[in-house]
Amino acid sequence: MPPELLGLAMFRPQQAAELLREYPGELALAWAGGRPVGVLGYRRDGPTATILHIAVEPAWRRRGVGRQLVSWLAKRVGTVVAETDSSAVDFYRRCGFSVEPAGERGGTPRYAARRPATGRPAARG
Ligand SMILES: CC(C)(COP(=O)(O)OP(=O)(O)OC[C@H]1O[C@@H](n2cnc3c(N)ncnc32)[C@H](O)[C@@H]1OP(=O)(O)O)[C@@H](O)C(=O)NCCC(=O)NCCS
């Protein structure tokens, strides 16, 4: 999903239903004051979840919303992985991920982030 569509999903909920039908994974929303302020898109592959997208409304950044979304997912699966660019590398590190270079796309360096399972049984459903 392109970033502008993530914005649409967050700020124009009436159009989110169409996006949800086409989304190649599952979406979780973080809510504050009765409206969505963060979105997490992910795909589950057995005990591993791959983060496809994560975005927090600018006014709500650096207030723990992104970490809560990642923690929510980590509690439900085992390992969480993500591919990201340099802008979010430190966010992933602060959320307990190890980060390795993963080549580049379109001249932009990419990074593979990985947060191992905690060892607790993963919840199902
Ligand atoms: C990346 C993003 C999701 C982080 O969400 P957030 O709600 O601001 O993150 P949190 O407040 O939960 O931050 C968790 C930790 O990461 C740190 N952090 C967050 N964004 C950071 C950044 N850009 N650079 C460095 N550290 C960052 C926070 O300071 C916090 O650290 P702490 O351990 O000291 O508390 C948000 O900045 C965003 O939507 N960015 C635009 C979209 C994007 O880049 N998505 C990722 C690639 S798909």
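Residues numbered from 1 in each chain as written. Predicted model: local features only at pLDDT ≥ 70, side-chain atom pairs only at ≥ 80, totals over all residues.

*Asks:* How do you make sense of the overall build of the protein when you look at a structure like this?
*Replies:* Counting secondary structure elements, the protein contains four helices and six strands. In the protein, the succession of α and β elements from N to C terminus is α-α-β-β-β-α-β-α-β-β. In the protein, buried positions account for 19% of the 125 residues. Partitioning the contacts of the protein with sequence separation of at least 6, the portion at a separation of at least 24 is 45%. (Helix = DSSP H or I, 4+ residues; strand = E, 2+ residues; numbered from the N terminus. Buried ≥ 20, exposed ≤ 12 C-beta atoms within 10 Å, placed from the backbone. Contact = placed C-beta atoms within 7 Å.)

*Asks:* Please explain helix H3 (residues 65-76) as it appears in this structure.
*Replies:* An α-helical segment advances 3.6 residues per turn. Residues three or four places apart therefore align on the same side. End to end, H3 covers 17 Å across 12 residues, agreeing with the expected 16 Å (1.5 Å per residue, within 8%). Listed in full, the buried residues belonging to H3 are Val65, Gly66, Leu69, Val70 and Ala74. In this structure, the buried residues of H3 make contact with strand E1 (26-32), strand E2 (35-45), strand E3 (48-56), strand E4 (79-84), helix H4 (86-94) and strand E6 (108-115). (Expected span 1.5 Å × (residues − 1).)

*Asks:* Even after reading the chapter, I still don't get the confidence of the model for the protein, so can you show me in this structure?
*Replies:* For residues with low pLDDT, the predicted coordinates do not support detailed interpretation. Averaged over every residue, the pLDDT of the protein is 85; the share at 70 or more is 80%. Of all helices and strands in the protein, the one with the weakest mean pLDDT is helix H1 (residues 3-11) (55), whereas E6 scores best (97). (pLDDT = per-residue confidence, 0-100.)

*Asks:* Even after reading the chapter, I still don't get the nonpolar core, so can you show me in this structure?
*Replies:* For soluble globular proteins, the rule of thumb is that nonpolar side chains tend to be buried together. Counting residues in hydrophobic clusters, the biggest one holds 19 residues, and the most contacted among them are Leu40, Ile51, Ile54, Leu69, Val70, Val80 and Tyr92. Elements that contribute at least two residues to this core include exactly E2, E3, H3 and E4. With five residues, the single largest contributor to this core is E3. Among all residues touching Leu69, those that are not within four sequence positions of it are Ala28, Ala30, Gly38, Leu40 and Ile54. (Core = buried A, V, L, I, M, F, W, Y, C linked by C-beta atoms within 7 Å.)

*Asks:* Sorry, what's going on with the sheet that holds strand E5 (residues 98-105) here?
*Replies:* Sheet strands line up and pair through hydrogen bonds in the backbone, either parallel or antiparallel. Strand order across the open sheet formed by six strands is E1-E2-E3-E4-E6-E5, with mixed pairing between neighbours. Of all strands in the sheet, those with a lone pairing partner are E1 and E5, marking the two edges. Geometrically, the sheet is characterised by an average inter-axis angle of 25° between neighbouring strands, direction not taken into account. Against the sheet, H3 contacts E1, E2, E3, E4 and E6, and its axis sits at roughly 35° relative to E2. Here H4 sits on the sheet in contact with E4, E5 and E6, set at roughly 160° to E4. (Pairing = 2+ DSSP bridges. Axes fitted to C-alpha atoms, helices over the stretch in contact; angles between N-to-C directions.)

*Asks:* Quick question: what am I supposed to make of the site of the ligand here?
*Replies:* Surrounding the ligand, one finds 18 residues, the nearest of these being Arg61, Gly66, Arg67, Asp90 and Arg94. When residues of the shell around the ligand are traced back to their parent elements, those giving at least two are E3, H3 and H4. It is H4 that contributes the most residues to the shell around the ligand, five residues altogether. Its residues assigned to classes, the shell around the ligand comprises seven nonpolar, five polar and six charged. (Near = placed C-beta within 6 Å. Nonpolar A, V, L, I, M, F, W, Y, C, P; charged D, E, K, R; others polar.)

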